[in-house]
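The lines below spell out each chain.
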Amino acid sequence: MKPFEKLLLENKAWAEEKKLKEPEYFEHLEQGQQPEFLWIGCADSRVPAEIIVNAQPGEIFVHRNIANQVITTDFNCLSVVQYAVDVLKVSHVIVCGHYNCGGVHAALAKQRPDLVLTNKWLMHIKDVYRLHQDEIEELPSRERQADRLVELNVIEQVQRLSHTSIIQKAWKRDQRPVLHGWVYALGDGVLQQLITLPPGSMINSIYQYEDPSD
Ligand code: CO
């Protein structure tokens, strides 16, 4: 059996088992979704959003990319945020990074000439490094430095979310969502909270909209 055939076979078994245990399962999901959470995570195969928080289909709206970034020119991520916040009306947005993140490690190294597109994506993490270079360089090992950059990168993405008109409008209009920054440890599977921004949190004035209801 080819590896991809195993996936299709597993899917068939999964669907049959679900239906057996709960005959209405798929009909119920077919009606629509009302997730309470938007998850912005890393594309890393070892950090699957639903599995690490034991969530079921329908509970979490998910966007994943290399190194869990919120880049203000990335229509992919921003349209996910807009849909989650304005249409699905999620109460919480979680940015989840993880230690040993290949994207963050690569951002600490020189650029690879064979990965021109990925380089550009990682450039934003290099900027986070430069913003906190003094703090990071004081740490004794490259590993500790990378771990700290993972954390600072998560915090930066949460702040970037708060800079968007989508979040500022929703905060003013609905007093939601709460923004969370978490980090996941591959070594023990445990999540840690790094930052929480409730609606109305202070935003540096250069990022504030004069009137976010416009
Ligand atoms: Co990663």
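A quick note: this is a predicted structure, and the numbers were derived from the prediction, not measured. (Residues numbered from 1 in each chain as written. Predicted model: local features only at pLDDT ≥ 70, side-chain atom pairs only at ≥ 80, totals over all residues. Heavy atoms only, no water.)

**Some details on the packing of helix α6 (residues 116–131) against helix α8 (residues 142–162)**
Two packed helices can be described by the angle between their axes and the distance between those axes. Between α6 and α8, the least distance of the axes is 10 Å, while the angle of their chain directions is 105 degrees. The orientation of α6 with respect to α8, classified from their angle, is roughly perpendicular. From α6, H124, I125, V128, Y129 and L131 reach across to α8, where they touch L149, L152, N153, E156 and R160. A class-by-class count of the residues in the contact of α6 with α8 yields six nonpolar, two polar and two charged. (Axes fitted to C-alpha atoms, helices over the stretch in contact; angles between N-to-C directions. Helix = DSSP H or I, 4+ residues; strand = E, 2+ residues; numbered from the N terminus. Parallel < 35°, antiparallel > 145°, perpendicular 65-115°, else oblique. Contact = heavy atoms within 4.5 Å. Nonpolar A, V, L, I, M, F, W, Y, C, P; charged D, E, K, R; others polar.)

**Some remarks on the domain arrangement of the protein**
Split by domain assignment, the protein resolves into domain 1 (1–32) and domain 2 (34–207). The C-alpha-based centres of domain 1 and domain 2 are spaced at 31 Å. Across the contact, four residues belong to domain 1 and four residues belong to domain 2. Together domain 1 and domain 2 conceal approximately 220 Å² of surface at their shared face, both sides included; 54% is due to carbon and sulfur atoms. Seen at the junction of domain 1 and domain 2, the total is zero residue pairs in polar contact (both at pLDDT 80 or more). Its residues assigned to classes, the side of domain 1 that touches domain 2 comprises two nonpolar, one polar and one charged. (Domains from an automatic or database assignment. Buried area = accessible area lost by both parts, 1.4 Å probe. Polar contact = N/O pair within 3.5 Å; in protein donor to acceptor, adjacent residues only side chain to side chain.)

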